[in-house]
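Below, each chain spelled out in residue letters.
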Amino acid sequence: MFNKILVAVDGSEHAAKAVDTAIEIARKFDAPLVFLSVYKHYSRMESTHSLVQTREVPQSPDETLGKLARDTAERAAAYAKEHGVERAEAVSKRGPVARTIVDFINKQNIDTIVMGRRGLGDMEGLLLGSVSHKVCSLAECTCITVK
Ligand SMILES: Nc1ncnc2c1ncn2[C@@H]1O[C@H](COP(=O)(O)OP(=O)(O)OP(=O)(O)O)[C@@H](O)[C@H]1O
Ligand SMILES: [Mg+2]
């Protein structure tokens, strides 16, 4: 356990708490951290009414979301390095969020994933199951949900 820890980051406050917990574990066990941020596919058609479009960003929505995801993962990795974790890597991927995280866990021999807690105020999220809930159900590795 703790040979390769994945931290799922979406830029939220909850994920920031997960980052701090993962850093503590990595420092205690001298473990490497991989920060993963996943963005969904967003076609131009779908984006007609989106915020991305109204902000007049001169990039495609996919590029914009991809850059946001990369920045999120890279900021977390830089923060981990500043806080004493020597091996911290940033990865961003596009796809269905929970499925993409689980695929990454399987392909990269991740033994532990650390995530933030799910949103409890959102009825839709409660009914459909949040990202963290899906990942905990589907992943074979140890799942830590930070509250
Ligand atoms: N796009 C993402 N990329 C990487 N990790 C994510 C992503 N979305 C969620 N996570 C991980 O899952 C944790 C919980 O987020 P989750 O999406 O399950 O709940 P939520 O956003 O509060 O509610 P909802 O179920 O409405 O999405 C986050 O703190 C983060 O660790
Ligand atoms: Mg979410």
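For the structure given in this document, a descriptive report is provided here. No experiment lies behind these values; they were computed from the predicted model shown. (Residues numbered from 1 in each chain as written. Chains lettered and ligands numbered in written order. Predicted model: local features only at pLDDT ≥ 70, side-chain atom pairs only at ≥ 80, totals over all residues.)

Considering the nonpolar core
Here is step 1 of the chain: Counting residues in hydrophobic clusters, the biggest one holds 37 residues, and the most contacted among them are L6, V7, L33 and F35.
Here is step 2 of the chain: Among the elements of the structure, β1 (5-8), α1 (13-29), β2 (33-39), α3 (61-82), β3 (88-94), α4 (97-107), β4 (112-116) and α6 (131-138) are those that each provide at least two residues to this core.
Here is step 3 of the chain: Not counting the four nearest positions on each side in its chain, L33 is found in contact with I5, V7, A22, A26, A80, V85, R87 and A88. (Core = buried A, V, L, I, M, F, W, Y, C linked by C-beta atoms within 7 Å. Buried ≥ 20, exposed ≤ 12 C-beta atoms within 10 Å, placed from the backbone. Helix = DSSP H or I, 4+ residues; strand = E, 2+ residues; numbered from the N terminus. Contact = placed C-beta atoms within 7 Å.)

So, the pairing of β2
Here is step 1 of the chain: Summarising burial for β2: 7 of the 7 residues are buried, a large majority.
Here is step 2 of the chain: Covered by surrounding structure in β2 are L33, F35, S37 and Y39 together with V34, L36 and V38, the residues of both alternating faces.
Here is step 3 of the chain: Crossover connection from β1 via α1 to parallel β2: handedness right-handed. (Right-handed = clockwise from strand over helix to strand, strands pointing away.)

A short note on the pairing of β4
Regular strands place side chains that alternate from one sheet face to the opposite one.
Here is step 1 of the chain: Within β4, 5 of the 5 residues are buried, leaving the element largely enclosed by the surrounding structure.
Here is step 2 of the chain: The alternating pattern of β4 places T112, V114 and G116 on one face and I113 and M115 on the opposite face, and all of these are buried.
Here is step 3 of the chain: Bridge analysis of β1 against β4 gives 3 bridges, and the strand direction is parallel. If you follow I5 over to β4, its bridge partner there is T112.
Here is step 4 of the chain: As paired elements, β4 and strand β5 (residues 142-146) share 5 bridges and run parallel to each other. Residue pairing for β5: I113 is matched across the bridge by C143. (Pairing = 2+ DSSP bridges.)

Some points on the environment of Y39
Here is step 1 of the chain: With respect to the helices and strands, Y39 occurs in strand β2.
Here is step 2 of the chain: Y39 sits 57 residues away from P96 along the chain, and the two C-alpha atoms are 7.7 Å apart.

Notes on the packing of α4 against α6
Here is step 1 of the chain: For the pair α4 and α6, interaxial distance at closest approach is 9 Å and the crossing angle is 40°. Taken together, α4 and α6 sit at an angle that is classed as oblique. When you trace α4 past α6, the crossing you get is right-handed. Contacts from V97, A98, I101 and V102 in α4 reach V131, K134, V135 and L138 in α6.
Here is step 2 of the chain: Classifying every residue of the contact of α4 with α6 by side-chain character gives 7 nonpolar, no polar and 1 charged. (Axes fitted to C-alpha atoms, helices over the stretch in contact; angles between N-to-C directions. Parallel < 35°, antiparallel > 145°, perpendicular 65-115°, else oblique. Left-handed = near helix turned anticlockwise from the far one by under 90°. Nonpolar A, V, L, I, M, F, W, Y, C, P; charged D, E, K, R; others polar.)

Quick word on the environment of T145
Here is step 1 of the chain: For T145, the location among the structural elements is in strand β5.
Here is step 2 of the chain: Given 17 C-beta atoms within 10 Å, T145 falls into the partly exposed group.
Here is step 3 of the chain: Separated by 131 residues in the primary sequence, T145 and H14 have C-alpha atoms spaced 9.6 Å apart.
Here is step 4 of the chain: Discounting residues that sit within four places of it in the chain, T145 has contacts with M115, R117, S132 and C136.

Considerations on the sheet that holds β5
Here is step 1 of the chain: Read across the open sheet, the 5 strands follow the order β3-β2-β1-β4-β5; overall the sheet is parallel. Looking along the sheet, the strands with just one partner apiece sit at the ends: β3 and β5. Here the strands of the sheet are splayed against their neighbours by 25° on average, with no regard to which way each runs.
Here is step 2 of the chain: Examined bridge by bridge, β2 and β3 share 7 bridges and lie parallel to one another. When the bridges of β3 are listed, V34 appears paired with E89.
Here is step 3 of the chain: Most of the contacts of α3 go to β3, to which it runs at about 165°, and overall it touches β1, β2 and β3.

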